[in-house]
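Residues per chain, in single letters:
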Amino acid sequence: MKILLIGKTGQLGGSLLSLETSHQIYAPGRPELDIESKESCERAIAEFCPDVVINTAAFHNVPQCEVEPLRAFAVNCQAVRDLAVICARMDVQLVTFSTDYVFGGKKRTPYREDDCPEPLQMYGISRLAGELAALATAPRHAVVIRTCGLYGPSGAISKGGNFVDKRIADAQAVSELEMGCDQVVAPTYTGDLAQAVLKLIEHPQFVPGIYHLTNEGECTWFEFTKAIYELAGLGTQVVPVDRGGMSGEMCRPLYSALANTKAKSLGITLPHWRDALKRYIDEKYGFSL
Ligand SMILES: NC(=O)c1ccc[n+]([C@@H]2O[C@H](COP(=O)([O-])OP(=O)(O)OC[C@H]3O[C@@H](n4cnc5c(N)ncnc54)[C@H](OP(=O)(O)O)[C@@H]3O)[C@@H](O)[C@H]2O)c1
């Protein structure tokens, strides 16, 4: 299979690129392919003639999307729609990513792929718009994978590092840390996600549409932070705080764990978040229990 990968410098892009696979992967950098430029997307797809385009690029700094809503829509919706138009025309499968933040957080059991989205902030609204645009434009070619709380070896540069790396850095500076106990999530290791994405696109019964892919289980950021320090053998104290999902005037969903029902029906599951976190910390930091 020929795969064109967008976002190779990112967490998920980096993990996809480092998979051992016999597929031919072409991963242009942003100077060659900027998803905000339809021409550069068209050129790269026409030159490489991929079977699949995997788009991991996004504008996903959540507070910044409130400040720059037009940019959020340009990257998360308009650019995804343009990719879908090109892929449908050239008969190429498009795999693009979305977020647990399309949901409103009223449920207390994991959101299924067919649950009704209800985004609470500009980021989630722009991602839902991108999902709809891709699926409506290229119903026979578009695949939307919703995921949650990613961390991976290359860190999230646009967010100043991923959650795990930031907490480990915090432990060098402070002995006690406040962490939110109000949001329930399913933090996901990009190494596991990348493997699941590959299994999904290789699966003979794989069809277009929406899929959820996250590590199994759920936790609050407070519980996740405690696990980071336990697994890394760091003594930093973590104090739970409940902000009711609010960051200033912006609202985050109180519950956004995702049920990976469609991938599971194809036999594709990801390990539990705690298992994934241990592997990430061991691999990146060489800490042991
Ligand atoms: N991180 C999370 O917690 C999380 C949670 C749920 C869903 N997701 C979604 O999962 C996907 C992967 O996330 P991630 O954490 O791997 O992202 P990331 O680490 O921030 O990487 C994003 C990648 O996209 C590239 N990019 C950004 N804008 C671009 C543009 N206009 N044209 C071309 N490339 C562009 C970046 O390149 P540069 O190096 O040039 O900036 C980078 O390589 C995204 O769709 C994200 O929204 C992430």
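The structure we're discussing is the one just above.
Residues numbered from 1 in each chain as written. Predicted model: local features only at pLDDT ≥ 70, side-chain atom pairs only at ≥ 80, totals over all residues. Heavy atoms only, no water.

Student: So, the sheet that holds strand S10 (residues 209-212): which residues are in play, and what are the values?
Tutor: Pairing is parallel in the open sheet, where six strands are placed in the order S2-S1-S3-S4-S5-S10. Strands at the two margins of the open sheet, each flanked by one partner only, are strand S2 (24-26) and S10. Across the sheet, the mean angle separating the axes of adjacent strands is 25 degrees when strand polarity is ignored. For strand S4 (residues 93-99) and strand S5 (residues 142-147), the ladder comprises six bridges, and the chain directions are parallel. For Val95, the partnering residue across the bridge sits in S5 and is Val143. Sheet strands touched by helix H4 (residues 69-90): strand S1 (2-6), strand S3 (52-55) and S4. Its angle to S4, the strand with the most contacts, is close to 160 degrees. (Pairing = 2+ DSSP bridges. Helix = DSSP H or I, 4+ residues; strand = E, 2+ residues; numbered from the N terminus. Axes fitted to C-alpha atoms, helices over the stretch in contact; angles between N-to-C directions. Contact = heavy atoms within 4.5 Å.)

Student: Tell me about unusual backbone geometry, residues and numbers included.
Tutor: The phi dihedral of Cys49 is positive, around 50 degrees, even though this residue is not glycine. Examined against the element boundaries, Cys49 turns out to sit in the loop between helix H2 (38-48) and S3. The phi angle at Asp91 is positive, at roughly 55 degrees, despite the residue not being glycine. Along the chain, Asp91 falls in the loop between H4 and S4. A relative accessible area of 59% places Asp91 in the exposed class. (Buried < 20%, exposed > 50% of the residue type's maximum accessible area, 1.4 Å probe, protein only.)

Student: Residue-level account of the packing of aromatic side chains, with values.
Tutor: A complete count under the given rule lists 13 aromatic pairs for this structure. Here the aromatic rings of Trp221 and Phe224 are separated by 5.9 Å at their centres, their planes lie at 75 degrees, and the arrangement is edge-to-face. Of this pair, Trp221 and Phe224 both sit in helix H8 (residues 221-232), three residues apart, roughly one helical turn. Among the aromatic residues, ring-to-ring pairing joins Tyr151, Phe163, Tyr189, Trp221, Phe224, Trp273 and Tyr280 into one connected group. The positively charged end of Lys2 is found above the aromatic ring belonging to Phe48, 4.8 Å away from the centroid. Over the face of the ring belonging to Phe163 we find Arg167, whose NZ or CZ atom lies 4.6 Å from the ring centre. (Phe/Tyr/Trp six-rings, centres within 6.5 Å; stacked < 30°, edge-to-face > 60°. Lys NZ or Arg CZ within 6 Å of the ring centre and 35° of its normal.)

Student: Explain the nonpolar core residue by residue, including any values.
Tutor: Across soluble globular proteins, nonpolar side chains have a tendency to be buried as a group. Within the largest apolar cluster, 28 residues are counted, with the highest numbers of intra-cluster contacts made by Leu4, Ile6, Leu33, Ile35, Ile45, Val53 and Leu83. Elements supplying a minimum of two residues to this core: S1, H2, helix H3 (62-67), H4 and helix H5 (122-137). No other element matches the eight residues that H4 contributes to this core. Apart from residues no more than four positions distant in its own chain, Ile6 is found in contact with Leu33, Ile35, Val53, Ile54, Asn55, Thr56, Ala57 and Leu83. Counting residues in hydrophobic clusters, the runner-up holds 26 residues, among them Leu12, Leu16, Val52 and Leu266. (Core = buried A, V, L, I, M, F, W, Y, C linked by side-chain atoms within 4.5 Å.)

Student: I'd like to hear about the pattern of salt bridges, residue by residue, with values.
Tutor: The tally for this structure, following the rule as stated, stands at 14 salt bridges. For Glu42, the salt bridge goes to Arg89, with nearest N and O atoms at 2.8 Å. Placement of Glu42 in helix H2 and of Arg89 in helix H4 is noted, with a sequence separation of 47 residues between them. According to the relative accessible area criterion, Arg89 is exposed, its value standing at 51%. Across the pair Glu178 and Arg243 runs a salt bridge, and its minimum N-O distance is 4.0 Å. Here Arg243 lies in the loop between strand S12 (237-241) and strand S13 (246-247) and Glu178 lies in strand S7 (residues 176-180), a separation of 65 residues in the sequence. Relative accessible area serves as the criterion here: at 47%, Arg243 is assigned to the partly exposed category. Shared partners join several salt bridges into a network, and the residues in it are Asp192, Asp275 and Arg279. (Salt bridge = Lys/Arg side-chain N within 4 Å of Asp/Glu carboxyl O.)

Any link to function would need more than the numbers given here.
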